[in-house]
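Here is how the chains run, residue by residue.
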Amino acid sequence: MNRINYPLIDFDEAWRCISTLISPLPPILQPLTDLLGHVLAEEVIAPEDIPSYPTAAMDGYAIIAADSAPYRHIIAEQTAGRSQPVRVEIGTAVRIMTGAPLPLGADAVIRVEESEEKDSMVRFFSAVSAGENIRPVGQDLAAGVVVLPLGEVLGPAEIGLLASIGCTNVRVYPRPRVAVMATGSELVPPEEIPIHGKIRDSNSYILLAAVAAAGGRPIHLGIIPDSISAQRAAILDGISCADMVLVSGGVSMGTHDFVKPLLNELGDLHFGQVAIKPGKPFTFATVNNVPVFGLPGFPVSSFVVVENFIRPALRVMAGHRRLWRPTCTARLRHTIQHAPDRTEFQRAVVIEQDHIYWAETTGIQVSSRLQSLVGANALLRIPAGVADLSAGAEVTALLIDQPEVI
Ligand code: AMP
Ligand code: MG
């Protein structure tokens, strides 16, 4: 395996390259109980009016509003779920409960609080006008209207709406299956005590969790030693069972970094270096049209790449139109050292105070220090071409969690 120096491309070029080679997955039919977070791949039209019959909006009495009789004779009781074959006429009323169908003849409901009932007769303390306390046909939803457009993200409200119109199977984009493997002969599973020279695999677990958090379905392929044949077999295994493959480690310039040449051999390698810090060895290839991403072994570097490229790519495949984290402009609480050759992403805590966002980084920013990620709710994007920043300077913060307001 020869060690090639891949051209260094910038952030925008890397994303352009990825976005031209990925697309939404073929839609699937999914039942109501498994729709949360999916994106609609069809327009949903209301097949019927809701409510489909005039309905009492209050507990009370169904009457004719223009009836001036001082007392009315109660001829029936209409509860939700039962429809009585009765007709309200002048001098009569039907006791009715919220959600029950309005009986024939009635044109209003008078609230129980406005009434006094005795011996099957009822007297009212006030009057109502026609239509009062009634939900007319189609008030909530009119037949034929688009209730949910294609591309809508399905949350609890949307799922409830689908249930209310009897849409029990819906065409949505699937959650992408993402195979995750960690390369490195130094790695042992977290449950093992590493002997001298070994470390625990933490990157797999960050990646598996990040994939799930981004709406993907993680597939754990485990630890693969630094062997060309083992890694070749694992990558082929990955592309056969997943819509996307994440390979951790093995993308640097060491004598045992085999992933880039392997991807070159198995498919098309589109780029092998991006001018970002951390995450410079970030690699992208397609093998049998399956996107394969090579991520640095350092968990912090991997996380930065996931946030900036993998999460948006996964969202494209899951049918989302909004791909990016929200951003805000934050003021630095302290100076930041920054080399101008790359776009840097520093881990930080952003808070909001008197409508101003303030950012404080999470301590030493070396990419081996996982602690610099813990508790961070933002990545501060410090562009290439900019030198050190002083306290009070404004930076763009990618919000990975809601800032606390103090
Ligand atoms: P590599 O990208 O393979 O050159 O690895 C870069 C650094 O990250 C090395 O110090 C590795 O030991 C470390 N590393 C690689 N893979 C993992 C992993 N799965 N979990 C934690 N650290 C890792
Ligand atoms: Mg390695």
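What you see is a predicted model; the values in this text were computed from it and never measured.

*Asks:* Can you walk me through the overall build of the chain in this structure?
*Replies:* A tally of helices and strands in the chain yields 6 helices and 28 strands. Against the compact-globule benchmark of 22 Å for 406 residues, the chain has a radius of gyration of 31 Å, which places it well outside the compact range. Projected onto its principal axes, the C-alpha coordinates of the chain cover approximately 100 × 50 × 40 Å. Carbon and sulfur atoms form 53% of the exposed surface of the chain, whose accessible area is close to 19,300 Å². Considering the chain, the positive charge centre built from 31 side chains and the negative charge centre built from 42 side chains are found 5 Å apart.

*Asks:* Got a minute to help me understand the environment of Pro312 in this structure?
*Replies:* With respect to the helices and strands, the residue Pro312 is situated in helix H6 (residues 299-317). Sequence-wise, Pro312 and Gln139 are 173 residues apart; in three dimensions their C-alpha atoms are separated by 39 Å. Ignoring any residue separated from it by four or fewer positions in sequence, one finds Pro312 in contact with Trp15, Val306, Glu307, Leu323 and Trp324.

*Asks:* Explain the side chain of Gln346 here, please?
*Replies:* Within the secondary structure, Gln346 sits in strand E24 (residues 343-353). On the accessibility criterion, Gln346 (5% relative accessible area) is buried. For Gln346, the side chain forms a polar contact with the side chain of Glu344, separated by 3.0 Å.

*Asks:* Is there a simple way to explain the nonpolar core in this structure?
*Replies:* Soluble globular proteins tend to pack their nonpolar side chains together in the buried interior. Formed by 37 residues in total, the largest nonpolar core has its most connected members in Ile18, Leu246, Phe282, Phe293, Phe309 and Ile310. Breaking this core down by element, the ones donating at least two residues are helix H1 (11-21), strand E14 (177-183), helix H3 (203-213), strand E18 (244-248), strand E22 (290-295) and H6. Among the elements that take part in this core, H6 stands out by supplying 9 residues, more than any other. The residue makeup of this core includes at least three contributed by each of domain 1 (11-25 + 174-317) and domain 4 (327-399). Not counting chain neighbours up to four residues away, the residues in contact with Phe309 comprise Phe11, Ala14, Trp15, Ile18, Val274, Ile276 and Phe282. Formed by 20 residues, the second largest nonpolar core is a distinct cluster that contains Tyr6, Val245, Val247 and Leu269.

*Asks:* Explanation requested: H1 in the structure shown.
*Replies:* Residues that lie three or four places apart on an α-helix share one face, since the helix turns once every 3.6 residues. Looking only at H1, the buried set comprises Phe11, Ala14, Trp15, Cys17 and Ile18. Summarising the axial view, the buried residues of H1 lie within an arc of 160°, below the 170-degree limit, and thus occupy one face. With respect to the buried face of H1, the exposed residues turned more than 90 degrees away are Arg16 and Thr20. In the core, the buried residues of H1 are packed alongside strand E19 (268-271), strand E20 (276-277), strand E21 (283-287), E22, H6 and E24.

*Asks:* Would you explain the domain arrangement of the chain in this entry?
*Replies:* Interfaces are frequently sized by the accessible area removed from exposure as the parts join. Domain boundaries in the chain define domain 1 (11-25 + 174-317), domain 2 (28-46 + 146-173), domain 3 (55-135) and domain 4 (327-399). Put simply, the middle of domain 1 and the middle of domain 2, counted by C-alpha atoms, are 32 Å apart. Listed per partner, the contact involves 5 residues of domain 1 and 6 residues of domain 2. Taken as a group, Pro24, Pro174 and Arg175 account for 88% of the area that domain 1 buries against domain 2, more than any other trio of residues on that side.

*Asks:* Is there a simple way to explain the packing of aromatic side chains in this structure?
*Replies:* For any pair of aromatic rings, the description rests on two quantities: the centre-to-centre distance and the angle between the ring planes. Going through the model one piece at a time under the given rule, you end up with 9 aromatic pairs. Plain terms: the ring middles of Phe11 and Phe309 are 4.6 Å apart, the flat faces sit at 35° to each other, and that makes the pair tilted. Highlighted residues: Phe11 in helix H1 and Phe309 in helix H6, separated in sequence by 298 residues. Overall, the relative accessible area of 14% leaves Phe11 in the buried class.

*Asks:* What should I look at first to understand the site of ligand 1 in this one?
*Replies:* Taken together, the neighbourhood of ligand 1 is formed by 17 residues, with Glu186, Asp201, Ser202, Gly250 and Gly297 sitting nearest. With respect to ligand 1, the side chain of Glu186 contributes an N or O atom lying 2.7 Å from an oxygen atom. One nitrogen or oxygen atom from the main chain of Gly250 is found 2.9 Å from an oxygen atom belonging to ligand 1. Starting from 480 Å² of accessible surface for ligand 1 in isolation, the protein chains cover 80%.

*Asks:* Explanation requested: the pattern of salt bridges in the structure shown.
*Replies:* Oppositely charged side chains can form a pair if their charged atoms are brought close together. Scanning the model with the defined rule gives 11 salt bridges in all. Notably, a salt bridge pairs Arg72 with Asp67, separated by 3.7 Å at the nearest N-O pair. Across the salt bridge formed by Arg177 and Asp243, the nearest N and O atoms sit 2.9 Å from each other. On the criterion of sequence distance, the pair formed by Arg177 in strand E14 and Asp243 in the loop between helix H4 (228-241) and E18 is long-range, its members being 66 residues apart. Among the charged side chains, a network of salt bridges with common partners joins Glu77, Arg95 and Glu117.

*Asks:* What's the story with the sheet that holds strand E1 (residues 28-31) in this structure? I'm lost.
*Replies:* What links the strands of a sheet is backbone hydrogen bonding, and the strands pair in either a parallel or an antiparallel sense. Spatially, E1-E13-E2 is the arrangement adopted by the 3 strands of the open sheet, whose pairing is antiparallel. For this open sheet the edge positions go to E1 and strand E2 (39-40), each flanked by a neighbour on one side alone. The pairing of E2 with strand E13 (residues 169-173) spans 2 bridges and is classified as antiparallel. Its bridge partner being in E13, Leu40 is matched across the sheet by Val172.

*Asks:* So what exactly am I meant to see when it comes to the sheet that holds strand E10 (residues 121-124) here?
*Replies:* Strand order in this open sheet of 6 strands is E8-E5-E7-E6-E10-E9, and the pairing throughout is mixed. Looking at the sheet topology across the chains shown, the edges are occupied by strand E8 (108-111) and strand E9 (115-118). Strand-to-strand twist across the sheet, computed as the mean angle between neighbouring axes with direction ignored, equals 40°. Across 4 bridges, strand E5 (residues 60-63) lies against E8 in antiparallel orientation. Opposite Ile63, over in E8, you have Ala108 as the bridge partner.

Conventions we followed
Residues numbered from 1 in each chain as written. Chains lettered and ligands numbered in written order. Predicted model: local features only at pLDDT ≥ 70, side-chain atom pairs only at ≥ 80, totals over all residues. Heavy atoms only, no water. Helix = DSSP H or I, 4+ residues; strand = E, 2+ residues; numbered from the N terminus. Rg over C-alpha atoms; globule rule 2.2 N^0.38 Å. Areas by Shrake-Rupley, 256 points an atom, 1.4 Å probe, with all protein chains shown as cover. Lys, Arg positive; Asp, Glu negative; His and termini not counted. Charge placed at Lys NZ, Arg CZ, Asp CG, Glu CD. Contact = heavy atoms within 4.5 Å. Buried < 20%, exposed > 50% of the residue type's maximum accessible area, 1.4 Å probe, protein only. Polar contact = N/O pair within 3.5 Å; in protein donor to acceptor, adjacent residues only side chain to side chain. Core = buried A, V, L, I, M, F, W, Y, C linked by side-chain atoms within 4.5 Å. Domains from an automatic or database assignment. Arc of directions from axis to C-beta. Buried area = accessible area lost by both parts, 1.4 Å probe. Phe/Tyr/Trp six-rings, centres within 6.5 Å; stacked < 30°, edge-to-face > 60°. Near = heavy atom within 4 Å. Salt bridge = Lys/Arg side-chain N within 4 Å of Asp/Glu carboxyl O. Pairing = 2+ DSSP bridges. Axes fitted to C-alpha atoms, helices over the stretch in contact; angles between N-to-C directions.

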